[in-house]
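Residue-level listing of the chains:
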Amino acid sequence: MSNRKRYDTELETLNDSLTEMGAASADAVYAACLLLTAQNDSTAAGILDGDKKIDGMEQKIEQHCLTLLLRQQPVATDLRRISAALKLVTDLERIGDHAADIAEISQMLEQGWQSRIPVQADINRMAQVALEMVRAAIAAFVGTDTEKAEAVIARDDTVDGLFDTIKKELGAYIAKNPGEIDAALDLLMVIKYLERLGDHAVNIAEWVRFLKTGFYRGRQIV
């Protein structure tokens, strides 16, 4: 096998690893959002254990990327993909962290909050959009699909809009029910983490732009 073919095989392996880590991060978000309504301690423990596995994936991918950079002088397109992969795993790791954060908050919420605080439908919608953005962004990166990446970036306004709506709803609820301030503040943290998930999805989508152009958020990198 030629050096180039061997290198291409290594790049494919890198893509597979990114896909695996992306799927694990997205699955953690999905489980964490379900946990908000189910509040199952064993599920929460599984999400927290999964976060440790995601951290391990990040380390392995970073090591793989550095090995690829050292093994052969990459051409411009290869260098972009490896450089972007190093950035991507940081976003994926943070996505896993936020899923764990949501799981921890879910354990603290009192049972039955859904019937008392009228924001569950909007939170579910926000979680759904954020999760779809994460999954689409990962798919866009793996497939270098700029059209899909642009769609992810455009959807961030939806997540931001839902964040503002729910924040106002929680503020109004606290004003009328001061005894529920702790639960409402916990839910405010949940939606903040969901908003950050959307931000990380946008970051990933921006790296897809970079793969095509060498520009990241209007700045030329490679």
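Structure shown above.
Bear in mind the structure is a predicted one, so any value in this text is a computation, not a measurement.

Topic: the packing of aromatic side chains
Think of a pair of aromatic rings as described by two things: how far the centres are apart, and how the planes are tilted against each other in angle. Using the criterion set out here, one finds one aromatic pair in the structure. Measuring from centroid to centroid gives 5.1 Å for Trp 207 and Phe 210, while their planes differ by 90 degrees, and the two rings are edge-to-face. A residue pair is termed a helical-turn pair when its members lie 3 or 4 positions apart in one helix, as Trp 207 and Phe 210 do in helix 7 (residues 181–213) at three residues. Trp 207 sits in the buried class, given a relative accessible area of 7%.

Overview of the nonpolar core
Residues Ile 123, Phe 141 and Leu 194 are the most contacted members of the largest nonpolar core, which totals 71 residues. Contributions of two or more residues to this core are made by helix 1 (3–38), helix 2 (41–71), helix 3 (76–108), helix 5 (120–143), helix 6 (146–176) and helix 7. Ranked by residues supplied to this core, first place goes to helix 7 with 16 residues.

Remarks on helix 5
In this model helix 5 runs 34 Å from its N-terminal to its C-terminal C-alpha over 24 residues, within 8% of the 34 Å that 1.5 Å per residue would give. Buried within helix 5 are the following residues: Ile 123, Met 126, Ala 127, Val 129, Ala 130, Leu 131, Met 133, Val 134, Ala 137, Ile 138, Ala 140 and Phe 141. Those residues of helix 5 that are buried are in contact with helix 1, helix 3, helix 4 (113–116), helix 6 and helix 7.

Observations regarding the pattern of salt bridges
Tallied over the full model, the rule gives seven salt bridges. One connected set of salt bridges, linked through shared partners, spans Glu 150, Glu 206 and Arg 209.

The rules we used
- Residues numbered from 1 in each chain as written.
- Predicted model: local features only at pLDDT ≥ 70, side-chain atom pairs only at ≥ 80, totals over all residues.
- Heavy atoms only, no water.
- Phe/Tyr/Trp six-rings, centres within 6.5 Å; stacked < 30°, edge-to-face > 60°.
- Helix = DSSP H or I, 4+ residues; strand = E, 2+ residues; numbered from the N terminus.
- Buried < 20%, exposed > 50% of the residue type's maximum accessible area, 1.4 Å probe, protein only.
- Core = buried A, V, L, I, M, F, W, Y, C linked by side-chain atoms within 4.5 Å.
- Expected span 1.5 Å × (residues − 1).
- Contact = heavy atoms within 4.5 Å.
- Salt bridge = Lys/Arg side-chain N within 4 Å of Asp/Glu carboxyl O.

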